[in-house]
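Observations on the three-dimensional arrangement
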Amino acid sequence: MSFGAKGFSQKRNDPGYFNWLAVADALMFLSDGLRKYAEDKMKELHVLITTNVGGPGVKCTCKCTPGKKPNPHGRTATCIWAQELKKFHHFPRKSDIPWHQSISSQWHDPVDGHREIAKLFMSDLGKNWATTTTTDIGRLLNLLIFCNHFKIQHASLKAVKDWRNKWAHASDLTLSDIDKQNAFKDIECLMNDAELVGIKEVQDCRSSIKKVETAVFSVLQDNESKILEEFRLIQQFQLIQEYKECPKIEEKSEVSEEEIRVPKKFDKLVTVVDKMGSVFLAILLFAISPLSRKVLGMLMFLAYFMFYPVGDRTVISDY
């Protein structure tokens, strides 16, 4: 989907767009309220695990490269740290834990260890290895869901996570009145959870959430550029993931000119790419040739700067 200046001006007169902004604002305020709680609970968990592995100074000495798979902390790992961490993870298949995005040599660290451990309960962080204090609401909710040290009702967490996902996948940047109403109800329900009702930071965000629930556009506009930037980054990340999931393109040796068979799943990718803009589509179509696969990293790097909004960030021409 593409929005020129004129198209975006029309979007600002769309009630569905106001709903989309309001839900995003509410999720943003909620995440701000949850961060300190999540940080404190992870510090608490870190102390517990440190005790269980034998006390301060006991380190993980496994040889692994952060960001690389496979990781030695899989299902059969003998590492005492990995064994303890698995006990606090809801994943039924412990090998699916994203070990690769956590620096195990820092697990024992009394300052940063809890943040590295938190990454094991978050969805794919890509290259932006955020922490409990900087990550987006989606990954923060995953931490609260998949780490059994948190005692919040899963139904409430998953309901809010579903609204975050619906917001993130709303390619037309709109939500219905019913969607907005139900999203705010589920956010309210989460804040009323017995585990959170006594958390000051969570309860303090109520007034801000109530304000945006009934706010006019002039109020919602305060965080508009931040919300649009977050949405752009999510779409960009999803696009890259779609590309990675495409089967390898096969080459047929019997033809004189290279013939590329595009897998069926690529049709889905093209649909996603179309929402991101025609220039990025051209880059990806070029990138499927064997020669250009060698420089795919460079193309992605260039694509990022081509799409990074400059000047007035309240008007983004392409998604």
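Rules behind the numbers
- Here, residues in each chain are numbered from 1, in the same order as that chain's written sequence.
- Two thresholds apply to this predicted model, a pLDDT of at least 70 for residue-level local features and 80 or more for giving and counting side-chain atom pairs, whereas whole-chain, interface and lining totals are computed over all residues.
- Side-chain measures here rest on the full set of heavy atoms in the structure, leaving out hydrogens and waters.
- In DSSP terms, a helix is any run of H or I states spanning at least four residues, a strand is any run of E spanning at least two, and both are numbered starting from the N terminus.
- With a 1.4 Å probe rolled over the protein chains alone, any residue whose accessible area is under 20% of its type maximum counts as buried; one over 50% counts as exposed, and the rest are partly exposed.
- The criterion used for residue contact is that any of the two residues' heavy atoms lie within 4.5 Å.
- Every case where a carboxyl oxygen of Asp or Glu lies within 4 Å of a side-chain nitrogen of Lys or Arg is listed as a salt bridge.
- Helix axes are fitted to C-alpha atoms over the stretch in contact, other axes to C-alpha atoms as well, and angles between N-to-C directions run from 0 to 180 degrees.
- Working rule for handedness: look at the near helix, and if it is turned counterclockwise from the far one by less than a right angle, call the crossing left-handed; if clockwise, right-handed.
- Residue type decides the class: Asp, Glu, Lys and Arg count as charged, Ala, Val, Leu, Ile, Met, Phe, Trp, Tyr, Cys and Pro as nonpolar, and the leftover types, Gly among them, as polar.

Looking only at helices and strands, the chain has 15 helices and zero strands in total. Put simply, the chain has 319 residues, and 48% of those count as buried. Pairs at least 24 apart in sequence give 67% of the contacts found in the chain among residues at least 6 apart.

Let us now look at the pattern of salt bridges. Note that side chains of opposite charge can pair when their charged atoms are close. One pass over the structure, following the stated rule, counts 14 salt bridges. Close ionic contact of arginine 115 with glutamate 39 constitutes a salt bridge, the shortest N to O distance being 3.0 Å. Here glutamate 39 lies in helix H2 (residues 15-52) and arginine 115 lies in helix H4 (residues 113-118), a separation of 76 residues in the sequence. For glutamate 39, a relative accessible area of 7% puts it in the buried group. Of the charged contacts in the structure, one is a salt bridge between lysine 119 and glutamate 116, with a shortest N-O distance of 2.8 Å. The same class applies to lysine 119 and to glutamate 116, which are both buried. Salt bridges sharing partners connect three or more residues here, namely Glu39, Asp112 and Arg115.

With phi around 60°, leucine 173 is a residue other than glycine that occupies positive phi space. Looking at the element boundaries, leucine 173 is found in the loop between helix H6 (154-168) and helix H7 (177-191).

Attention now goes to the environment of aspartate 124. Inspection of the secondary structure puts aspartate 124 in the loop between H4 and helix H5 (137-146). Here the alpha-carbon distance between aspartate 124 and histidine 100, two residues 24 residues apart in the chain, equals 9.7 Å.

Between H6 and H7, the shortest axis-to-axis distance is 9 Å and the interhelical angle comes to 145°. In this structure, H6 crosses over H7, and the sense of that crossing is left-handed. Across the interface between the two elements, Ser156, Leu157, Ala159, Val160, Trp163 and Lys166 of H6 pack against Asp179, Asn182, Ala183, Asp186, Ile187, Cys189 and Leu190 of H7. Among the residues making up the contact of H6 with H7, the classes are represented as eight nonpolar, two polar and three charged.

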